[in-house]
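Okay, here's what each chain looks like letter by letter:
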Amino acid sequence: MTSDLRQQPDRGLLIVLSGPSGVGKGTVCKALREVDYNLVYSVSATTRAPRAGEIDGVNYFFKTKEQFIEMIEQNQLLEWAEYVGNYYGTPRSFVEETLAAGQDVILEIEVQGALKVRQKFAEAVFIFLMPPSLVELQNRIQTRGTDSAESIVRRMSTAIEELRMIEQYDYCVVNDQVEAACARIQAILVAEHCRRERVLPKIHNWMEEVH
Ligand code: 5GP
């Protein structure tokens, strides 16, 4: 447990959700936020072009490569990574301020970025969302219809690499059905909030109040 947490017992929980492209991270995240009002989604910056229906500032902050590099140089990103030819990164100040305000923050990021977060926030909770099978994953990416044939091949080979990183995560959740996956993640969050290490600082503060 970091000293930060000891000083701030009411700090929110940082949750990192990873999983191969097409596994349904976005859908599960949205469903989670609908049932958990204390859970805040961190909007990432990316150099990827917006997909149909994506809104700047809601789905991503869409940036040019130059703007993204400037964000890196100004230390505005908590982590960043290159994924299938584009840059993706988590704006730092939003995450830090939201956690300090006592709200839980969920980062929906790929594995290289998750590993960087693990080095900085050992107390964060790392969840890997798995497809029911690789064949099912390929079907989902194809039926989404947003990727070229080349992008599908790259996303599938990246998915296989990502599955090899599962041992870096605390929990693995199969996304067979959104509601079921969502319920499993909620159960994890409830349990994580009850961890002794997270509750002890509060008790420590109580002790100080009565002396
Ligand atoms: P997509 O292009 O499908 O929206 O995202 C591609 C991958 O980038 C997904 O695995 C997604 O979770 C990941 N990603 C999105 N935002 C971030 C971020 O801020 N940092 C990192 N490292 N990965 C991200």
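Up top is the structure.
Keep in mind the model is a prediction, meaning the values are calculated, not measured. (Residues numbered from 1 in each chain as written. Predicted model: local features only at pLDDT ≥ 70, side-chain atom pairs only at ≥ 80, totals over all residues. Heavy atoms only, no water.)

## Quick word on the packing of helix α6 (residues 134-144) against helix α7 (residues 149-163)
Relative orientation and spacing of two packed helices are given, respectively, by the angle between their axes and the distance between those axes. The criterion, for reference: Axis definition: a line fitted to C-alpha atoms, over the contacting stretch in the case of helices. Angles run 0 to 180 degrees between N-to-C directions. Helix and strand assignments come from DSSP, with helices taken as H or I runs of at least 4 residues and strands as E runs of at least 2, each series counted from the N terminus. Throughout, a crossing is termed right-handed when the near helix is turned clockwise from the far one, and left-handed when it is turned anticlockwise from it by less than a right angle. Two residues qualify as a contact provided that any one of their heavy atoms is within 4.5 Å of a heavy atom in the partner residue. Here the term charged refers only to Asp, Glu, Lys and Arg, the term nonpolar to Ala, Val, Leu, Ile, Met, Phe, Trp, Tyr, Cys and Pro, and the term polar to all other amino acids, Gly among them.
One can describe the packing of α6 onto α7 by two numbers: an axis separation of 11 Å at closest approach and a directional angle of 145°. When you trace α6 past α7, the crossing you get is right-handed. For the pair formed by α6 and α7, the contact residues are L134, L137, Q138, I141, Q142 and R144 on the first element and I152, R155, M156, A159, I160 and L163 on the second. Of the residues in the contact of α6 with α7, the class split is eight nonpolar, two polar and two charged.

## Regarding the environment of I152
Heads up, the condition is: Buried means the residue's accessible area, taken with a 1.4 Å probe over protein chains only, is under 20% of the maximum for its type, while exposed means over 50%, and partly exposed covers the values in between.
Mapped onto the fold, I152 is located in helix α7. Accessibility expressed as a relative area gives 11% for I152, which makes it buried. Along the backbone, I152 and Q186 are 34 residues apart, and their C-alpha atoms lie at a distance of 31 Å. When near neighbours in sequence (up to four residues on either side) are disregarded, I152 contacts I141, Q142 and D147.

## Side note on the site of the ligand
This is how the line gets drawn: Here, proximity means that at least one heavy atom of the residue falls within 4 Å of the molecule or strand. A 3.5 Å cut-off defines polar contacts: any pair of N or O atoms within that distance qualifies, except that in protein one atom must be a possible hydrogen donor and the other a possible acceptor, and neighbouring residues in sequence count only when both atoms are side-chain atoms. Note on areas: these come from Shrake-Rupley sampling with a 1.4 Å probe, and a residue is covered only by the protein chains present in the view.
Residues in close proximity to the ligand total 16 residues, the closest being S44, R48, Y60, Y88 and E110. At 2.6 Å from an oxygen atom of the ligand is found a side-chain nitrogen or oxygen belonging to R48. Y88 is positioned with one of its side-chain polar atoms (N or O) 2.6 Å from an oxygen atom of the ligand. Burial of the ligand by the protein chains amounts to 95% of its free accessible area of 510 Å².

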